[in-house]
Amino acid sequence: MTDLYQTQRSMRRMRNQAMDRGVIAILDVGTSKIACLVLRFDGPEKFRGGEGVGSLAGQSSFRVIGAATTRSRGVAFGEIAAMRETERAIRTAVQAAQKMANVRVDHVIVSFSGARPRSYGLDGRIDLADSTVRDDDVARVLSSCLVPDFGSDREVLHAHPVNFAIDHRSGLNDPRGQMGNSLSVDMHLLTVDMQAIQNLLYCIKRCDLELAGLASSAYVSGISALVEDEQELGAACVDLGGGSAGISVFIKKHMIYADSVRIGGEHITQDISKGLQVPLNVAERIKTFYGGVTATGIDDREMIEIGGDTGDWEHDRRKVSRAELIGIMRPRVEEILEDVRARLDAAGFDHLPAQQIVLTGGCSQTPGLDGLASRILGQQVRLGRPLRVQGLPQAATGPAFSGSVGLCLFAANPQDEWWDFDIPADRYPARSLKRAVKWFRDNW
Amino acid sequence: MQPVKPEPRVYSRKGARPSGRDPAPSRWSYRMHRMWLTPAYRRMLRVGLPGLLVAGLALWFLSDKARVEDITTWVDETKRAVEERPEFMIKVLSIEGASPELADAVREQLALRLPLSSFDIELEPMRQNVESFNAVASARMRIKPGGVLVVEIVERQPAVLWRHVGGLSLLDAEGNLVAGAAARTDWPDLPLVAGQGVEQAVPEALALIAAAAPLAGRLRGLMRVGERRWDVILDRGQRIQLPEKNAVAALERLIALDQARDMLDREITVVDFRNPLRPTVRLTSYGVEEIQKIRDFEFGR
């Protein structure tokens with residue numbers, strides 16, 4: 001637990017260094033694409049247009065100065081399957097983004113979607129020594145949480161204190177300075193497979209970059225795709241990606257649950273490829289141009305030339321109707337959405353006061369998806385697009401980039417995590433010094 | 001599935017793209033690119049290194065003494081060749097506005113060995129040299145196209161002839177020495193002044209001479225007394241002593257008296273105007289005797 005604390009703190013330190021230097025890169029390692037954005041931080045004053053509240057209410061303290069996307073390779077289900085290939089892809093993206101920004105980037109914040117995220121709800125409770133909550137009381141209550149045994153091969157990715165309660169008053173965001181007898185906390189802990197992280201770290205290291213943070217892409221796409229009310233009142237963000245669908249549930253501006261379904265857009269492409277017997281790139285092209293999930297009468301008559309390169313005349317001039325294509329795609333999309341439904345049900349999403357579901361990610365661009373989703377997930381479904389950030393190229397504003405944009409926001413204003421609080425004094429290695437100081441103060 | 005070994009480069013039928021692998025920068029090109037984006041490195045490579053190279057080459061080139069000498073002689077020769085082009089040579093010295101004697105003297109003083117490159121001539125010292133002549137009021141020098149060095153001289157015009165202990169000299173209207181003079185007869189039309197400290201009072205002398213125009217026929221000259229006032233010397237040994245201040249006015253009064261009463265035609269040797277309120281005359285001995293006679297006669301002695 002302590003070395004996790006140390007690594008996370010060192011990553012935070014790295015991030016602060018990068019902020020001081022003013023340039024940081026964010027890297028979204030996905031199954032279908034790897035996106036790299038280079039951010040410049042110049043303080044909020046610089047980008048303020050005129051009087052009053054700045055754009056995005058001060059969130060836009062950064063500007064995207066370089067953006068590059070490359071086809072991902074070597075990544076499956078959001079996890080690294082072939083390290084060399086992934087490394088090459090990361091290199092391509094980083095180099096292109098650097099070239100666009102014309103600046104060298106050393107620090108990178110990475111998000112990934114796979115590695116089997118698992119959520120834990122933790123709670124801790126302490127008695128307050130002197131009826132007022134102080135900073136070290138918060139640290140103490142955080143460290144008093146009972147950490148479940150999630151296995152030695154898993155790593156903590158996020159640990160957000162979600163809710164504080166003093167005595168019987170719950171729902172506190174910041175308990176410091178308040179009076180009471182006991183302080184308790186609810187914490188959300190997200191763990192992922194350690195191997196996946198280690199592979200990713202290795203790739204980053206091979207690219208001569210310093211890791212300044214790690215984030216789950218479900219979490220960051222929730223940050224960017226959910227509007228503030230939804231985050232406050234309770235909503236789920238479903239990031240339909242290439243290799244997996246990330247689910248994150250937010251309430252009171254904190255993520256309380258995250259999970260991922262290991263089916264994504266690539267599986268739809270594979271289905272089309274198998275069903276129509278076309279190569280994968282052709283299948284991808286057909287999916288993006290003609291794909292859909294609801295067939296209508298006209299789709300029977302709309303014929304799609306699927307072509308071929310074999311030299312066989314008959315084979316190369318095949319045609320399918322759009323209805324057929326939809327017939328291939330729809331079951332897979334339904335499967336994804338039903339899996340999502342199952343995960344949400346298991347998490348108890350239907351107990352939340354508001355049950356907004358926001359679909360984002362590349363797959364959410366499928367025509368007719370919102371209709372299908374509202375049938376499976378419930379009535380309150382909408383398609384989400386990422387927040388607008390300064391300097392983002394038009395090509396990177398689609399829902400496929402909600403993870404990347406969310407990562408930018410995460411880099412700019414990260415939420416407090418467990419390791420942002422000081423190590424409590426009783427776990428401090430040099431506590432003798434502190435006790436000496438205390439003794440000195442008490443006696444003199 | 002990705003191939004474990006890199007594929008041999010087989011090109012597909014359609015295009016020049018290698019099949020299978022996507023393009024990606026190699027690790028080294030990636031590193032080079034990042035290095036190139038490092039500001040310090042970039043500055044070093046773009047400014048420091050070429051500068052260092054040039055400086056090193058120059059140092060190496062100049063480290064050989066013979067080569068440096070070659071360079072300096074080459075530079076000198078080229079400079080010489082340019083300077084001695086006919087366009088820049090001065091062939092003629094022309095002196096304007098001076099009398100022939102002065103011109104010859106100036107020519108001798110400058111002692112130019114023509115033809116000469118105009119780069120070798122410094123006009124200001126030469127001008128001062130020319131202006132050191134007494135007879136030269138001011139001089140201007142310029143080089144006219146065609147290789148002519150023109151010295152334009154404004155000569156001093158002698159205004160008075162000054163008799164002093166050393167002999168005779170010519171002074172101009174400001175009192176500057178123009179030249180010596182051999183004899184009074186060489187300058188018959190110049191008024192004569194005498195005495196010490198005349199140089200400072202030449203303008204006053206000229207004013208007095210102008211005021212004495214009615215006496216022109218009788219005027220012998222002016223004399224400076226005690227470096228403070230003037231005496232007007234007329235013929236027949238007459239002398240008019242003028243005050244220090246308002247000498248011209250006093251003289252004009254005297255001339256008016258003369259014109260009214262023919263004062264100066266009488267037996268008077270000295271008219272003393274030094275105190276303008278109390279003019280005094282001194283008679284000749286003959287005049288005194290005559291007055292005595294007349295008085296005696298009147299009183300009947």
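Report follows, based on the coordinates. In this text, all values refer to a predicted model and were calculated from it rather than measured experimentally.

1. Re the overall build of chain B
- Tallying secondary structure elements over chain B gives eight helices and 14 strands in all.
- Contacts spanning at least 24 positions in sequence make up 43% of the contacts within chain B whose residues lie at least 6 apart.
- Surface exposure of chain B reaches about 19900 Å², of which carbon and sulfur atoms provide 58%.

2. Some remarks on unusual backbone geometry
- Within the chain, Asn102 of chain A stands out as a residue other than glycine whose phi angle is a positive 55 degrees.
- One can find Asn102 of chain A in the loop between α2 (83-101) and β6 (107-112).

3. Topic: the sheet that holds strand β13 (residues 245-251) of chain A
Residue and element names in this part refer to chain A.
- Spatially, five strands are ordered β14-β13-β12-β17-β18 in an open sheet, and the strand pairing comes out mixed. Because the sheet does not close on itself, it has two edges, and the strands there are β14 (254-261) and β18 (381-383). With direction set aside, neighbouring strand axes in the sheet form an average angle of 20 degrees.
- With six bridges connecting them, strand β12 (residues 235-240) and β13 associate as antiparallel partners. By the bridge assignment for β13, Leu240 is matched with Ala245.
- Along the sheet, helix α5 (residues 217-225) contacts β12, β13, β14, β17 (356-360) and β18; its crossing angle with β13, the most-contacted strand, is approximately 55 degrees.
- Helix-sheet contacts for helix α11 (residues 322-347) involve β12, β13, β14 and β17, and the interaxial angle to β14 is about 140 degrees.

4. Concerning the interface of chain B and chain A
- Residue-level contacts link 20 residues of chain B with 23 residues of chain A.
- Of all residues in chain B, Arg27, Tyr30 and Arg34 of chain B bury the most surface against chain A, accounting for 34% of the area lost on that side.
- Applying the counting criterion to the chain B and chain A interface returns two salt bridges.
- For Asp106 of chain A, the salt bridge goes to Arg34 of chain B, with nearest N and O atoms at 2.8 Å.
- Joining chain B to chain A, the criterion identifies 11 residue pairs in polar contact (both at pLDDT 80 or more).
- Broken down by class, the residue content of the side of chain B that touches chain A amounts to six nonpolar, six polar and eight charged.

5. Notes on the pairing of strand β11 (residues 229-234) of chain B
Residues and elements named next belong to chain B.
- Counting buried positions along β11 gives five out of six residues, so the element sits mostly inside the fold.
- In the sheet, strand β10 (residues 219-225) pairs with β11 via six bridges, with the strands oriented antiparallel. Bridge pairing links Gly221 to Ile233 in β11.
- Following β10, the chain reverses through three residues before pairing antiparallel with β11; Gly226 in that reversal takes a positive phi of roughly 60 degrees.
- Pairing analysis gives three bridges linking β11 to strand β12 (residues 239-241), with the strands arranged antiparallel. Within β12, the residue paired with Ile233 across the bridge is Arg239.

6. Considering the packing of aromatic side chains
- Taken as a whole and judged by the stated rule, the model has seven aromatic pairs over all chains.
- With 5.8 Å between their ring centres and 55 degrees between their planes, Phe41 of chain A and Phe62 of chain A make a pair best called tilted. One end of the pair, Phe41 of chain A, is in strand β2 (residues 33-41); the other, Phe62 of chain A, is in strand β3 (residues 62-71), with 21 residues separating them in the sequence.
- On the basis of relative accessibility, which here comes to 1%, the residue Phe62 of chain A falls in the buried class.
- Seen in terms of ring centroids, Tyr219 of chain A and Phe410 of chain A are 6.0 Å apart; in terms of plane orientation they differ by 80 degrees. Their pairing is edge-to-face. Residue Tyr219 of chain A is located in helix α5, and its partner Phe410 of chain A is located in helix α13 (residues 402-412); the two are separated by 191 residues in the primary sequence.
- You can call Tyr219 of chain A buried: its relative accessible area is 1%.
- For Phe410 of chain A, a relative accessible area of 5% corresponds to the buried category.
- Three or more aromatic residues joined by ring pairs make a cluster, and in this case those are Tyr219, Phe250 and Phe410 of chain A.
- Taking NZ or CZ as reference, Lys33 of chain A lies 4.6 Å from the ring centre of Phe401 of chain A, over its face.
- When the ring centre of Trp60 of chain B is taken as reference, the NZ or CZ atom of Arg67 of chain B above it lies at 5.3 Å.

7. Some remarks on the packing of helix α7 (residues 265-276) of chain A against α11 of chain A
All names here are of chain A.
- Put simply, α7 and α11 touch, their axes get as near as 9 Å, and they point 145 degrees apart. As α7 packs across α11, the resulting crossing turns out to be right-handed. Residues His267, Ile268, Asp271, Ile272, Gly275 and Leu276 of α7 form the contact with α11, whose own contacting residues are Leu325, Ile328, Met329, Arg332, Val333 and Ile336.
- Class assignment of the residues belonging to the contact of α7 with α11 gives a composition of eight nonpolar, two polar and two charged.

8. What about the sheet that holds strand β11 (residues 210-216) of chain A?
Residue and element names in this part refer to chain A.
- The mixed open sheet is built from five strands, whose spatial order is β3-β2-β1-β6-β11. If you trace the sheet from one side to the other, it starts and ends with β3 and β11, each paired once. For this sheet, the mean inter-axis angle between neighbouring strands, taken without regard to orientation, is 20 degrees.
- Two elements, β6 and β11, share six bridges in a ladder whose sense is parallel. When the sheet's bridge partners are listed, Phe112 is paired in β11 with Ser216.
- With respect to the sheet, α13 is in contact with β1 (23-29), β2, β3, β6 and β11, its orientation differing from that of β2 by roughly 30 degrees.

9. A look at the nonpolar core
Residue and element names in this part refer to chain A.
- If you look at the biggest cluster of nonpolar residues, it comprises 73 residues, and the most contacted ones within it are Leu27, Leu39, Phe62, Val110 and Leu214.
- When sequence neighbours within four positions are dropped, the list of residues in contact with Leu214 reads Met11, Val110, Phe112, Leu157, His158, Ile197, Leu200 and Phe410.
- One finds Leu240, Leu276, Ile304 and Ile376 within the second-largest nonpolar core, a separate group that totals 39 residues.

10. Let's talk about the side chain of Ser217 of chain A
- Among the secondary structure elements, Ser217 of chain A is positioned in helix α5.
- With residues up to four places along the chain from it excluded, the contact list for Ser217 of chain A reads Ser111, Phe112, Ser113 and Asp239 of chain A.

11. Let's talk about the side chain of Gln8 of chain A
All names here are of chain A.
- For Gln8, the position within the fold is in helix α1 (residues 2-21).
- Looking at Gln8, its side chain comes within polar contact range of the main-chain oxygen of Val156, at 3.2 Å.
- Beyond its immediate stretch of four places on either side in the chain, Gln8 contacts Val156, Leu157 and Trp419.

12. Structural notes on the pairing of β2 of chain A
All names here are of chain A.
- A large share of β2 lies buried, amounting to eight of its nine residues.
- Note: β1 against β2, seven bridges, orientation antiparallel. Bridged to Ile24 within β2 is Leu39.
- The loop that links β1 with its antiparallel partner β2 comprises three residues.
- Here β2 pairs with β3 via nine bridges, running antiparallel. Bridge pairing in β3 links Arg40 to Arg63.

13. Some words on helix α3 (residues 135-143) of chain A
- Of the positions making up α3 of chain A, those classed as buried are Asp137, Val138, Ala139, Val141, Leu142 and Ser143 of chain A.
- Against the buried residues of α3 of chain A lie β7 (118-127), β8 (154-166) and β10 (182-193) of chain A.

14. Some details on the environment of Ala98 of chain B
All names here are of chain B.
- Inspection of the secondary structure puts Ala98 in the loop between β2 (92-96) and α4 (100-110).
- Along the primary structure Ala98 and Ile153 are separated by 55 residues, whereas in three dimensions their C-alpha atoms are 5.9 Å apart.
- For Ala98, the residues in contact, after removing those within four places along its chain, are Ala103, Ile153 and Glu155.

15. Some points on the packing of helix α6 (residues 202-211) of chain B against helix α7 (residues 247-261) of chain B
Residues and elements named next belong to chain B.
- Orientation of α6 relative to α7, taken along the N-to-C sense of each, is 15 degrees, at an axis distance of 10 Å. In this view, α6 runs roughly parallel relative to α7, as classed from their interaxial angle. The element α6 and its partner α7 pack so that their crossing is right-handed. For the pair formed by α6 and α7, the contact residues are Glu204, Ala207, Leu208 and Ala211 on the first element and Ala247, Val248, Leu251, Glu252 and Ile255 on the second.
- Taken together, the residues of the contact of α6 with α7 break down into seven nonpolar, no polar and two charged.

The rules we used
Residues numbered from 1 in each chain as written. Chains lettered and ligands numbered in written order. Predicted model: local features only at pLDDT ≥ 70, side-chain atom pairs only at ≥ 80, totals over all residues. Heavy atoms only, no water. Helix = DSSP H or I, 4+ residues; strand = E, 2+ residues; numbered from the N terminus. Contact = heavy atoms within 4.5 Å. Areas by Shrake-Rupley, 256 points an atom, 1.4 Å probe, with all protein chains shown as cover. Pairing = 2+ DSSP bridges. Axes fitted to C-alpha atoms, helices over the stretch in contact; angles between N-to-C directions. Buried area = accessible area lost by both parts, 1.4 Å probe. Salt bridge = Lys/Arg side-chain N within 4 Å of Asp/Glu carboxyl O. Polar contact = N/O pair within 3.5 Å; in protein donor to acceptor, adjacent residues only side chain to side chain. Nonpolar A, V, L, I, M, F, W, Y, C, P; charged D, E, K, R; others polar. Buried < 20%, exposed > 50% of the residue type's maximum accessible area, 1.4 Å probe, protein only. Phe/Tyr/Trp six-rings, centres within 6.5 Å; stacked < 30°, edge-to-face > 60°. Lys NZ or Arg CZ within 6 Å of the ring centre and 35° of its normal. Left-handed = near helix turned anticlockwise from the far one by under 90°. Core = buried A, V, L, I, M, F, W, Y, C linked by side-chain atoms within 4.5 Å. Parallel < 35°, antiparallel > 145°, perpendicular 65-115°, else oblique.

Distances and angles like these do not, on their own, reveal function.
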